[in-house]
Amino acid sequence: MATQNPPVSQTRSFSTVFLIEMWERFGFYGMQVLMVTYMMKKLGFVDTRANLVWGAAAALIYVTPAIGGWVGDKLIGTRRTMGMGAIVLMLGYALLWIPTDNATFLYISLGVIIVGNGFFKPNAGNLVRKIYEGDDTKIDSAFTIYYMAVNIGSTISMLLTPWIRDYVAQRYGDVWGWHTAFGTCAVGLLLGLVNYSLMSRTLAHIGSPADNERVNLKRLAGVLGSGLVLVFVSAFILQNELVARICVYAAGIVVLGIFAHLIRSSHPSERAGLTAALVLVVQTIFFFIFYQQMSTSLNLFAQKNVDLDFSLFGWHLFTWIPEQFQSLNAIWIVLLSPVLVFIYNSLGRLGKDPSVAAKFAWGFAAVAAGYFMYGVGARFAVNGQVSSWIMVWGYGLYSLGELLVSGLGLAMIARYVPERMGGFMMGAYFVASGISQYLGSVVANFAHIPKGLDNPVESLPVYTHLFNMLGFGGLACTVIAIAMLPLMNRLSASHSDVATNHDPLPAVRSEEFNTP
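Residues numbered from 1 in each chain as written. Predicted model: local features only at pLDDT ≥ 70, side-chain atom pairs only at ≥ 80, totals over all residues. Heavy atoms only, no water.

**Student:** Explanation requested: the pairing of strand S1 (residues 309–312) in the structure shown.
**Tutor:** Within a regular strand, side chains alternate between the sheet's two faces. Pairing geometry for S1 and strand S2 (residues 315–319), over four bridges, is antiparallel. Bridge assignment links Leu312 to a residue of S2, and that residue is Trp315. Between S1 and S2, which pair antiparallel in sequence order, lie two residues; one of them, Phe313, sits at a positive phi of approximately 55°. (Pairing = 2+ DSSP bridges. Helix = DSSP H or I, 4+ residues; strand = E, 2+ residues; numbered from the N terminus.)

**Student:** How do you make sense of a nonpolar patch on the surface when you look at a structure like this?
**Tutor:** Taken together, the side chains of Leu312, Phe313, Trp315, Leu317 and Phe318 present a nonpolar region at the surface, about 630 Å² in accessible area. If you tally residues by element for the nonpolar patch, the top one is S2, at three residues. For Leu317, the location among the structural elements is in strand S2. For Leu317, a relative accessible area of 42% puts it in the partly exposed group. (Patch = residues over 30% accessible without salt bridge, like charges linked within 9 Å, V, L, I, M, F, W, Y side chains within 5 Å. Areas by Shrake-Rupley, 256 points an atom, 1.4 Å probe, with all protein chains shown as cover. Salt bridge = Lys/Arg side-chain N within 4 Å of Asp/Glu carboxyl O. Buried < 20%, exposed > 50% of the residue type's maximum accessible area, 1.4 Å probe, protein only.)

**Student:** Please clarify how the side chain of Ser157 should be interpreted in this entry.
**Tutor:** Mapped onto the elements of the fold, Ser157 is located in helix H6 (residues 136–172). Only 3.0 Å separates the side chain of Ser157 from the backbone oxygen of Phe26, close enough to count as a polar contact. For Ser157, the contacting residues outside a window of four places in its chain are Arg25, Phe26, Tyr29, Gly30 and Pro162. (Polar contact = N/O pair within 3.5 Å; in protein donor to acceptor, adjacent residues only side chain to side chain. Contact = heavy atoms within 4.5 Å.)

**Student:** It is not clear to me how the nonpolar core should be interpreted in this structure. Could you clarify?
**Tutor:** Note on soluble globular proteins: their nonpolar side chains tend to be buried together. Grouped together as the largest cluster of nonpolar side chains are 126 residues, with contacts concentrated most on Met31, Met35 and Trp54. Here the element with the most residues in this core is helix H1 (residues 10–41); it accounts for 13 residues. In this structure, Met31 is in contact with Trp54, Tyr93, Leu96, Leu110, Ile113, Phe182 and Cys185, ignoring residues within four places of it in sequence. In terms of nonpolar packing, the next biggest core, distinct from the first, is built from nine residues, Val71, Val88, Val112 and Val115 among them. (Core = buried A, V, L, I, M, F, W, Y, C linked by side-chain atoms within 4.5 Å.)

**Student:** Would you take a moment to explain the pattern of salt bridges for this structure?
**Tutor:** If the charged atoms of two oppositely charged side chains come close together, the side chains can form a pair. Evaluation of the coordinates by the stated rule reveals seven salt bridges. Across the pair Lys121 and Glu21 runs a salt bridge, and its minimum N-O distance is 2.4 Å. Taken as a pair, Lys121 in helix H5 (residues 103–131) and Glu21 in helix H1 lie far apart in primary sequence, 100 residues in all. The pair formed by Lys121 and Glu21 is uniform in burial state, with each residue classed as buried. Connected through shared salt-bridge partners, Lys42, Asp101 and Asp174 make up one network.

**Student:** Help me understand the packing of helix H4 (residues 78–97) against helix H7 (residues 174–199) in this model?
**Tutor:** The relative placement of two packed helices comes down to the angle between their axes together with the axis-to-axis distance. Two elements in contact, H4 and H7, have axes separated by 7 Å at closest approach and are oriented at 155°. Comparing the axis directions of H4 and H7 gives the class roughly antiparallel. For H4 against H7, the interelement crossing comes out left-handed. Counted together, Arg79, Met82, Gly83, Ala86, Ile87, Leu89, Met90, Tyr93, Ala94, Leu96 and Trp97 of H4 and His179, Thr180, Phe182, Gly183, Cys185, Ala186, Val187, Leu189, Leu190, Leu193 and Tyr196 of H7 form the full contact between these two elements. In terms of residue class, the contact of H4 with H7 is made up of 17 nonpolar, four polar and one charged. (Axes fitted to C-alpha atoms, helices over the stretch in contact; angles between N-to-C directions. Parallel < 35°, antiparallel > 145°, perpendicular 65-115°, else oblique. Left-handed = near helix turned anticlockwise from the far one by under 90°. Nonpolar A, V, L, I, M, F, W, Y, C, P; charged D, E, K, R; others polar.)

The quantities given are spatial measurements derived from coordinates; they are silent on function.
Written out as structure tokens, the structure reads:
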């Protein structure tokens, strides 16, 4: 009788994805935390141009997963595409390591990062979905833990890369400071790839059908060739503001059109879930407008209008570099995620776990409170600078909102979208996020500070006016989300009724995954 290998636990499989994603986020956020100020201080961009270039890059970084999800589902396999994406990302960060301040070279490097992220991101999320397939009670908690885990990597890198930049710059010059910091991102992802190769057997039973087939070399060559073309297309888009704007808005129309087509052509039993997913995706678009302020307006606000010293009861604790304030987002997510998981599980055992739509409403309320916090802090500013503690608490509220909205966005796709559409819809979710990243940069430019105006007293009201407007925008989103709750509850109930009446296929698939 043939001996079977013991089944791999969900936790071990999850840990493998979680760790490679953690190192990938280490690289991405280590780069992001410096990018806008790098473009301004080393390439001479004004704040509006730096914001829009990064907004376009962020949009493409989120849009390309729509393609990567399809490649993983249909062409070369979910696991293979994720691993290939991590390698391409590492190469992109390595290009930024090269000590040149040529803008065209930056655009090409960002193009490589965009393509690598497109291969990596949707397939990592889809693997988590497949690991917990058929176990709906764990999906929200699993994705919340996943969200917390990847922020461990981003926390370390957002604290580390600005420090490395300053440390190396003091000893070897400014140029080497910036590029060594970017190189750290490549080294981190290399470590993640080594670790993934050692743990990859725990995912051998998880993936798309293409993962179980031999690699089709023609398909692989086609994917790599298309990726190379996309690198140069992305570089062209980044250096042409009008082209970037047209592409982003066109992508929004296409995504809405695809959703409409899928809802219209799907089986009647699937429409309630798809409609619920569409409503939540639209709400996610609004959320990421707020999210994009972290690397744009909030980053530049910290450069000019935040006291960098942390003191408590008159005792000086430490001093931060302006870019390091962005790490507060990740720190708060790591701290708050276990609390939310405990709350979700406790309420779930009582049968009172709030719906995803209700969590979205609470999330927008928290985001609104976070932005109002910056406005309140401005009233107590000294010489145009607010206390660093205002940033701590503002980021705390903002991060709670992020966990409730963005942290559950992937879980929403996993819950409401049929499995056969999983990879593509995961990608469509990222496209929607990318559109709003660009819109967020457009919003950030309302706080444009003319070049040469370095007086904090004059720049403070410009930034705080924007933050107050964002606070009111968050309140409006909260009201709309609350008003939509009855509709969302009906759609969710219809989707649950259909799922309950179907055969328990996910359970069967879980057993199949555990066989060699």
